[in-house]
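Examination of the molecular architecture
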Amino acid sequence: MSIIDKLMVKPWIADQGALEEQNGFAQPAKKIALWIFLAVVSVLFSLFISAYFMRMELADWRPLADPGLLWINTALLIVSSVALQWARVSADRGQFSGLKFGLLIAGAATLAFLAGQYVAWQQLIALGYFASSNPANAFYYLLTGLHGLHLLGGLVVWGMTTNKLMGGSQVDEVRVTVELCAIYWHFLLLVWLILFGLLLAT
Amino acid sequence: MTDTTPADVGFAPPAEVEEVELYHAKSWITKYVFSQDAKVIAIQYSATAIAVGMVGLVLSWLMRLQLGFPETFSFIDAADYYQFITMHGMIMVIYLLTALFLGGFGNYLIPLMIGARDMVFPYMNMLSYWVYLLAVLLLMASYFVPGGPTGAGWTLYPPQSILPGTPGHEWGIILMLVSLVLFIVGFTMGGLNYVVTVLQARTRGMTLMRLPLTVWGIFIATILALLAFPALLVGGVMLLLDRVLSTSFFMPSIVLMGESLDYGGGTPILFQHLFWFFGHPEVYIVGLPAFGIVSDLLSVHARRNIFGYRMMVWALIAIGGLSFVVWAHHMYVSGMNPYFGFFFATTTLIIAVPTALKVYNWVLTLWRGNIRLTIPMLFAIGFIFTFINGGITGLFLGNVVVDVPLSDTMFVVAHFHMVMGVAPLLVIFGAIYHWYPKITGRMLNETLGQFHFWITFVGAYSIFFPLHYLGFLGVPRRYYEIGETAFIPASAQSLNAFVTVVTLIVGFAQLVFFYNLFRSLTKGEPAGDNPWQATTLEWQTSETPPGHGNFGDELPVVYRWAYDYSVPGAVDDFIPQNKAPDETTGRSEPT
């Protein structure tokens, strides 16, 4: 039954909504929670971007430089996303080695991305783009910082999962978590591409 | 829609809801302090919310003392007054009402009412409470920093909220913003839990449309909160950066005492949009759980199925959706594009349609019901009156031409206190009288309850009706003192003094309620499992109060909706949701 059908049921009629019906989605609760969380994060970034556009209209907006390093960072984040996808597929097939290398490459690439973002900050500060000197700069630091914080949160889960796997857990025990990590990384990659596009375009 | 004989539902397929591995507490600390049991977390949430709410109550007394008897109290100066307003508003709306409805009632009632053993993520649930407590402590800490708490008004509008001249601009505003960010983080953890639990952990047979309206109200309100709080987070973080790093997201160029500040180019209106994009849904975050709970109270105590169950559910969803497109009706006087006012006035008036529908359905539920005037019922009926009152003044204010002259007067204060202060509070009281027997196993004292209800109900009207009138006279809100004006008659001052006296009496009368809560813990009449003869699952537990895991060895199976009251032909005037069709001769009929 679709959600609309479910909401059209007349519950006072005795047999409707019978016991056979499946309650909820045929997915693990964690995955549902992740999707809802991604919705919340999407709202968060959408509101920041709306604020960005509203503030951009005002006279004092001065776009900041686009450090070339950001292209390398973007490549790193893509690598981490692809590696996690590899880990996810390997976990589905029960292949331990693919899972392990996928996770390790993803973690290393993500850490490199974060380090690269930090270096980009330093470069911009060295060029005199301070947060307080223009709203464009402030938005840049704020949005990249927030994106980085979300990645750090993901890295905590990544660390626990990798640790569990290295401690001798079976592939099946981490399969769902790896899948959730992969979804989360793809989502943050998408957010980064939007933010990077925004920076290049404005 | 076909009818079948009860024999068709005799077969029950194996449970689709997996039995969860419950976390079993090993020590006193993990059982009662760092507990992962939703029921304990609910009590923790409620106790903290009510405690901080008492601070909010005392602040309202202090404000009223100043307004009723200006130039009498030397310990209240203008800066104090603004700090009272700010903290009173923020505490009541966010740290009391939001936390109590969702963290308190949500945690206690969702698992029990849907037939689950606990929330789906108990650890995250525990974390949610502790982050909330930290947020409360940080907020209270602002009383102990140099300059005291912020006095920017609960809306925290820049530029004044972070500029010298506003009390608490040194530390108070920073603590307030950090506390809000923490609250949002904590709430998001809890909110994910409530939503996923309602979606995934319902027991067998508990379809969406068999959920009690209490669960529906809390569920939709949680979704609203998850989507609306990010707006406050965005506004709060940017304001924090303006304050701490001297960015200019919101701050225009300002010359202060002849010196021009570092700020420039920002727009305060942007903050107002962000704030109210959160702020208006917030009204319904507080309102929808109250709507849901009051529907169940009315149905149980009128021994009557809720009128128009499906309409009630659809109206909750419609109100939830509409609440995201009305925010700028808080900003008619902000200087935004006048055409916006037209749009937002229209959406605001449209939201009255599903809301009025709910009111009609509540009244029609009472119609020819077997009304039992228990204390929860008194509060529920009191809510209907109050909500109609507050709702109708909302229709006045939703119109731009009416709002502009009234916007800065006491009329607005009276309106929002009626509709989102008193009305939800009456439901909270009713709900406490209703579920206290399940939480503690004992009834609350009836006589004390009567006293508490009448003082609170009549008192609330004595306080807020005069404020409407004062608003019409033009008495401004947010003013520390009015002084002498050409247009406000001297009699307004005696009305103000009257309101202050009533406020003190009503506030003190709440002590009777607290006395009742504590006394009944040991001296109350034993309640039994189902004192109100209600149908929903929380009343069908094998022990009262419900033990760890809520339902003994086996989860209940649900065969019917939550409103089988006074079913013709049935033995009792209620049929519990988990009663199989062959156990009863009655059938329910649509209204």
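Residues numbered from 1 in each chain as written. Chains lettered and ligands numbered in written order. Predicted model: local features only at pLDDT ≥ 70, side-chain atom pairs only at ≥ 80, totals over all residues. Heavy atoms only, no water.

This brings us to the overall build of chain B. The number of helices and strands found in chain B is 15 helices and two strands. The C-alpha atoms of chain B give a radius of gyration of 25 Å, which matches the 25 Å a tight globule of 591 residues would have. On the principal axes, the C-alpha backbone points of chain B span a range of 85 × 50 × 50 Å. Summarising the internal contacts of chain B: among those between residues at least 6 apart in sequence, 78% fall at separations of at least 24. A total of about 22,400 Å² of accessible surface is found on chain B, and carbon and sulfur atoms cover 68% of it. (Helix = DSSP H or I, 4+ residues; strand = E, 2+ residues; numbered from the N terminus. Rg over C-alpha atoms; globule rule 2.2 N^0.38 Å. Contact = heavy atoms within 4.5 Å. Areas by Shrake-Rupley, 256 points an atom, 1.4 Å probe, with all protein chains shown as cover.)

Now for the overall build of chain A. Along its length, chain A carries six helices and zero strands. Beginning at the N terminus, the succession of helices and strands in chain A can be written as α-α-α-α-α-α. Relative to a compact globule of 202 residues, whose C-alpha radius of gyration would be 17 Å, chain A shows 21 Å and is clearly more extended. Judged by the C-alpha coordinates and their principal axes, chain A covers about 70 × 50 × 20 Å. Taking all 202 residues of chain A together, the buried fraction comes to 50%. A separation of at least 24 residues holds for 77% of the contacts in chain A among residues at least 6 apart in sequence. As presented, chain A carries roughly 9,200 Å² of accessible surface, and 69% of it is formed by carbon and sulfur atoms. Each charge class in chain A can be summarised by its mean position, and for the 11 positive and 11 negative side chains these summaries are 6 Å apart. (Buried < 20%, exposed > 50% of the residue type's maximum accessible area, 1.4 Å probe, protein only. Lys, Arg positive; Asp, Glu negative; His and termini not counted. Charge placed at Lys NZ, Arg CZ, Asp CG, Glu CD.)

Moving on: the side chain of B:Gln577. Residue and element names in this part refer to chain B. Position of Gln-577 among the secondary structure elements: in the segment after helix H15 (491-523). A relative accessible area of 0% places Gln-577 in the buried class. Of the polar contacts made by the side chain of Gln-577, one reaches the backbone oxygen of Arg-560; its length is 3.3 Å. When residues no more than four places from it in sequence are discounted, the contact partners of Gln-577 are Met-206, Arg-210, Pro-212, Thr-535, Thr-536, Leu-537, Val-557, Val-558, Tyr-559, Arg-560, Trp-561 and Ala-562. (Polar contact = N/O pair within 3.5 Å; in protein donor to acceptor, adjacent residues only side chain to side chain.)

We now examine the pattern of salt bridges. All names here are of chain B. Under the definition given, this model contains 10 salt bridges over all chains. The residue Asp-573 makes a salt bridge to Arg-372 at a minimum N-O spacing of 3.7 Å. Remark: Arg-372 occurs in the loop between helix H10 (352-366) and helix H11 (375-398) and Asp-573 occurs in the segment after H15; sequence separation between them is 201 residues. By relative accessible area, which is 22% here, Asp-573 ends up partly exposed. Residue Arg-372 is classed as partly exposed on the basis of its relative accessible area, which comes to 29%. For Arg-478, the salt bridge is made with Asp-408, and the minimal N-O distance between the two is 3.0 Å. You can see Arg-478 sitting in the loop between helix H14 (446-473) and H15 and its partner Asp-408 sitting in the loop between helix H12 (400-406) and helix H13 (410-440), a full 70 residues away along the chain. Residue classification places Asp-408 among the partly exposed positions, given a relative accessible area of 40%. (Salt bridge = Lys/Arg side-chain N within 4 Å of Asp/Glu carboxyl O.)

Core analysis: the biggest nonpolar cluster contains 259 residues, and B:Tyr95, B:Phe105, B:Trp216 and B:Tyr309 have the highest contact counts within it. Among all residues touching B:Trp216, those that are not within four sequence positions of it are A:Leu7, B:Leu208, B:Met209, B:Leu211, B:Tyr309, B:Val313, B:Leu316 and B:Ile317. (Core = buried A, V, L, I, M, F, W, Y, C linked by side-chain atoms within 4.5 Å.)

This brings us to the packing of aromatic side chains. Residues and elements named next belong to chain A. Counted under the stated rule, the structure contains 61 aromatic pairs over all chains. Look at Tyr-52 and Phe-139: their rings are 5.1 Å apart centre to centre, the planes differ by 75°, and that puts the pair in the edge-to-face class. Highlighted residues: Tyr-52 in helix H2 (residues 29-56) and Phe-139 in helix H5 (residues 135-166), separated in sequence by 87 residues. In this pair, the class of Tyr-52 matches that of Phe-139, namely buried. Residue placement shows Lys-100 over the ring face of Phe-101; its charged tip is 5.5 Å from the ring centre. (Phe/Tyr/Trp six-rings, centres within 6.5 Å; stacked < 30°, edge-to-face > 60°. Lys NZ or Arg CZ within 6 Å of the ring centre and 35° of its normal.)

In this section: the confidence of the model for chain B. All names here are of chain B. Averaged over all residues, the pLDDT of chain B equals 92, while 95% of them reach at least 70. Summarising per-element confidence for chain B, the mean pLDDT is lowest in helix H1 (residues 28-33) (82) and highest in helix H4 (residues 122-141) (97). Segment residues 1-16: pLDDT under 50, and 29 contacts once partners within four positions in sequence are set aside and those in other chains are kept. (pLDDT = per-residue confidence, 0-100.)

To continue, consider empty space enclosed by the protein. Residue and element names in this part refer to chain A. Applying the stated criterion to the full structure yields five cavities of 30 Å³ or more. What the largest cavity holds in volume is close to 100 Å³. Every residue lining the largest cavity is listed: Tyr-52, Ala-136, Phe-139, Tyr-140, Leu-143, Thr-144, Trp-192, Leu-195, Phe-196, Leu-198 and Leu-199. Where the lining of the largest cavity is concerned, the elements lending two or more residues are H5 and helix H6 (171-201). (1 Å grid on protein atoms, 1.4 Å probe; cavity = no way out; pocket = protein on both sides within 12 Å on 5 of 7 lines; lining within 4 Å. Points joined across faces, edges and corners; volume = space filled by probe spheres on them.)

As a further point, take the interface of chain B and chain A. With 62 residues of chain B at the contact, the number on the chain A side is 43 residues. Regarding the contact of chain B and chain A, the summed buried area is about 4,600 Å², with carbon and sulfur atoms giving 71% of it. Inspection of the chain B/chain A interface yields zero salt bridges. For the pair chain B and chain A, the interface holds seven residue pairs in polar contact (both at pLDDT 80 or more). Those elements that place two or more of their residues in the side of chain B that touches chain A are helix H5 (172-200), helix H6 (213-244), helix H7 (268-301) and helix H8 (309-322) of chain B. At 10 residues, the largest contribution of residues to the side of chain B that touches chain A is made by H6(B). (Buried area = accessible area lost by both parts, 1.4 Å probe.)

Time to look at the environment of A:Leu104. All names here are of chain A. Looking at where Leu-104 falls in the secondary structure, it is placed in helix H4 (residues 96-126). The partly exposed category is assigned to Leu-104, whose relative accessible area is 36%. Taking C-alpha positions, Leu-104 is 9.2 Å from Ser-80, a pair spaced 24 residues apart along the chain. What Leu-104 contacts, discounting residues up to four positions off in sequence, is Trp-158, Thr-162 and Met-166.

For the rest of this paragraph, the subject is unusual backbone geometry. Residues and elements named next belong to chain B. Residue Pro-159 is bonded to the preceding Pro-158 through a cis peptide linkage, with omega at 0°. Residue position: Pro-159 is located in the loop between H4 and H5. Residue Pro-545 follows Thr-544 across a cis peptide bond; omega there is -5°. Of note, the phi angle at Ser-246 is positive, near 60°, even though the residue is not glycine. The residue Arg-368 is not glycine, and still its phi comes out positive at about 60°. Its location among the elements puts Arg-368 in the loop between H10 and H11.

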